[in-house]
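Listed below are the residues making up each chain.
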Amino acid sequence: MSIGEIACTYATLILHDDGISVTPEKINTLVKAAKVEVESYWPALFAKLVEKRNVEDLIANVGSGGGGAPVSAAAPAAGGASAAAAAPVVEEKKEEPKEESDDDMGFSLFD
């Protein structure tokens, strides 16, 4: 992540935390006040992101990877799209094999 991205991220979080609407101009104002130079497109991208996504959701899902949903091979029929979207995604949990301990080998490091 570049310094410009980080500066825009912090500016966006500051604006959101203060309850101020996030606009490219306000992000630029905060970034310039911090004496950080950013590419001109970063503030607009962050403002658009906040328009489309909820900041609390972004913060809550920081470690989730951010990857898109799996792509299906065939598109569903027009009527089936809402039913497919409403179906909950069930994640299978794989049990990892239990590692053998030193006790199973019949000796200990301090024998």
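Our subject is the structure listed above.
Worth saying up front: this structure is predicted, and the values here are computed from it rather than measured. (Residues numbered from 1 in each chain as written. Predicted model: local features only at pLDDT ≥ 70, side-chain atom pairs only at ≥ 80, totals over all residues. Heavy atoms only, no water.)

Digging into the packing of helix H1 (residues 3–17) against helix H2 (residues 24–33)
Here H1 crosses H2 at 115°, and the two axes come no closer than 9 Å. The angle between H1 and H2 falls in the class roughly perpendicular. The two elements H1 and H2 cross, and the hand of that crossing is right-handed. In this structure, H1 uses Ala7, Cys8, Ala11, Thr12, Ile14 and Leu15 to contact H2, whose residues at the interface are Lys26, Ile27, Leu30 and Val31. Each residue belonging to the contact of H1 with H2 can be placed in one class, and the counts come to eight nonpolar, one polar and one charged. (Axes fitted to C-alpha atoms, helices over the stretch in contact; angles between N-to-C directions. Helix = DSSP H or I, 4+ residues; strand = E, 2+ residues; numbered from the N terminus. Parallel < 35°, antiparallel > 145°, perpendicular 65-115°, else oblique. Left-handed = near helix turned anticlockwise from the far one by under 90°. Contact = heavy atoms within 4.5 Å. Nonpolar A, V, L, I, M, F, W, Y, C, P; charged D, E, K, R; others polar.)

Topic: H1
Counted at 1.5 Å a residue, the expected span for H1 with its 15 residues is 21 Å, and the 21 Å between its end C-alpha atoms agrees. Buried residues of H1: Gly4, Ala7, Cys8, Ala11, Thr12 and Leu15, and no others. Buried residues of H1 fall within an arc of 135° about the axis and therefore sit on the same side. Residues Ile3, Tyr10 and Asp17 are exposed on H1 and point more than 90 degrees away from its buried face. Looking at the residues trailing H1, positive phi occurs at Gly19, about 75°. (Expected span 1.5 Å × (residues − 1). Buried < 20%, exposed > 50% of the residue type's maximum accessible area, 1.4 Å probe, protein only. Arc of directions from axis to C-beta.)

A look at the packing of aromatic side chains
Applying the stated criterion across every chain, the model contains two aromatic pairs. On the basis of an interplanar angle of 45° and a centroid distance of 5.0 Å, the ring pair of Tyr41 and Trp42 is categorised as tilted. Overall, Tyr41 belongs to the partly exposed group, its relative accessible area being 44%. When its relative accessible area of 17% is taken as the criterion, Trp42 is described as buried. Centroid distance Trp42 to Phe46: 6.2 Å. Interplanar angle 55°. Geometry classified as tilted. With Trp42 and Phe46 both in helix H3 (residues 41–52) and four residues apart, the pair spans about one turn of that helix. A relative accessible area of 14% places Phe46 in the buried class. (Phe/Tyr/Trp six-rings, centres within 6.5 Å; stacked < 30°, edge-to-face > 60°.)

Here's the deal with unusual backbone geometry
Here Lys35, not a glycine, exhibits a phi torsion of approximately 60°, which is positive. As for its placement among the helices and strands, Lys35 is situated in the loop between H2 and H3. For Lys35, a relative accessible area of 75% puts it in the exposed group.

Everything listed is a geometric property; what it means functionally is a separate question.
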